[in-house]
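A closer look at the structure
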Amino acid sequence: MSSHLATRPDESVDYDEIYAEGIIVEKDPNLTHSVKVRDLKKSFGSFDVLTGLNLDFADDSITTILGPSGTGKSVLLKHIVGLLEPDSGIVEVFGQDLWRISEKERQEIRKRFGVLFQDGALFGSMNIYDNVAFPLRKHTDKRESEIREIVMSRLEEVGLTKAVGKFPGEVSGGMKKRAGFARALVLNPSVVMFDEPDSGLDPVRTSLLNDLILKVHAEHGGTYILVTHDILTARKVSDYVGVVWKGKLIHYGDTEEAFNSEMPFVRQFLSGNSVGPLGMD
Ligand SMILES: Nc1ncnc2c1ncn2[C@@H]1O[C@H](COP(=O)(O)OP(=O)(O)O)[C@@H](O)[C@H]1O
Ligand SMILES: [Mg+2]
């Protein structure tokens, strides 16, 4: 990494205080936002995880959420799909406040999401084909012939047509992720979320998966929200980058802005530097 990123932070500065408020992004009036998060707060017991997070996700773009482990990124995604209820604040999806509607309505909204969890979250007892067919069988009344067409075209897209009969335990980590991605896409979601799609993959497979994400996004569009701590992934796939620290958004901008940020924390994080406001705590 270039040496200017290694700037030693001013030790007299209290970064916690500087970042304490988080930021509120001024919206680009030319963009629409199907997913809006307002002053979101969530604690587990006495542990405050999300502490007032604000972010609207630009439609038809890929927004990457970066931040250290344990900072609330997965908790944020779970709020967006309505699996967790905020202590306070609002999660608005497709114009609906997720917690002012019924559970049934939330479930309807969830069908418009595709989610790829960290490990692909495939059912171990089903082969790849049945895993990918599962959402269609569960949520639609399509006939098996129609389902086959959709499943096979998605599996072709992710390069898995030869693995249809294999079980998750019989394929590589990269193949599991691709199968999970295919499954996340079968209902033609408007919003697709990825929680650390690159975890457990070697750099080459990560890069191939990133290419796949970009290809599928270019083809089908949609609002993509990607959580990662892989800097190369963020740089390659993002239109926008949000940086979360201690449960708040502290930086937001396009990818160039993030990688050129002057903020000591953002610099440190994006350069993987051990010197900076981000410690081991
Ligand atoms: N359901 C839960 N109950 C209690 N604590 C939780 C729960 N979910 C997450 N946490 C805690 O919240 C913090 C943030 O978690 P998470 O969002 O998973 O972090 P990350 O940014 O690494 O994805 C962690 O300390 C985690 O242990
Ligand atoms: Mg996580």
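Higher on the page you've got the structure.
Structural notes, computed from the coordinates. Being a predicted model, the structure only gives us computed values, none of them experimental.

Ranked by size, the top nonpolar core spans 67 residues in total, and within it Leu 53, Val 132, Leu 160, Ala 182, Met 193 and Val 243 carry the most contacts. Non-local contacts of Ala 182, meaning those with residues more than four positions away in its chain, are made with Val 132, Arg 154, Leu 155, Glu 157, Val 158 and Leu 160.

Turning next to unusual backbone geometry. The phi dihedral of Asp 60 is positive, around 60°, even though this residue is not glycine. As for its position among the elements, Asp 60 is in the loop between β2 (47–58) and β3 (62–66). Look at Glu 196: it is not a glycine, yet its phi comes out positive at around 45°. With respect to the helices, strands and loops of the structure, Glu 196 is situated in the loop between β7 (191–195) and α7 (203–220).

Moving on to α7. Each full turn of the α-helix corresponds to 3.6 residues, which orients residues three or four apart in the same direction. Its 18 residues place the ends of α7 26 Å apart at the C-alpha level, agreeing with the 26 Å of an ideal helix rising 1.5 Å per residue. The set of residues buried in α7 consists of Thr 206, Leu 209, Asn 210, Ile 213 and Val 216. The buried residues of α7 occupy an angular sector of 130° when projected down its axis, which confines them to one face. α7 presents Val 204, Asp 211, Lys 215, Ala 218 and Glu 219 as exposed residues on the side facing more than 90 degrees away from its buried surface. Structurally, α7 contributes buried residues whose contacts are with α5 (144–157), α6 (173–185) and α8 (231–237).

Cut-offs used in this document
- Residues numbered from 1 in each chain as written.
- Chains lettered and ligands numbered in written order.
- Predicted model: local features only at pLDDT ≥ 70, side-chain atom pairs only at ≥ 80, totals over all residues.
- Core = buried A, V, L, I, M, F, W, Y, C linked by C-beta atoms within 7 Å.
- Buried ≥ 20, exposed ≤ 12 C-beta atoms within 10 Å, placed from the backbone.
- Contact = placed C-beta atoms within 7 Å.
- Helix = DSSP H or I, 4+ residues; strand = E, 2+ residues; numbered from the N terminus.
- Expected span 1.5 Å × (residues − 1).
- Arc of directions from axis to C-beta.

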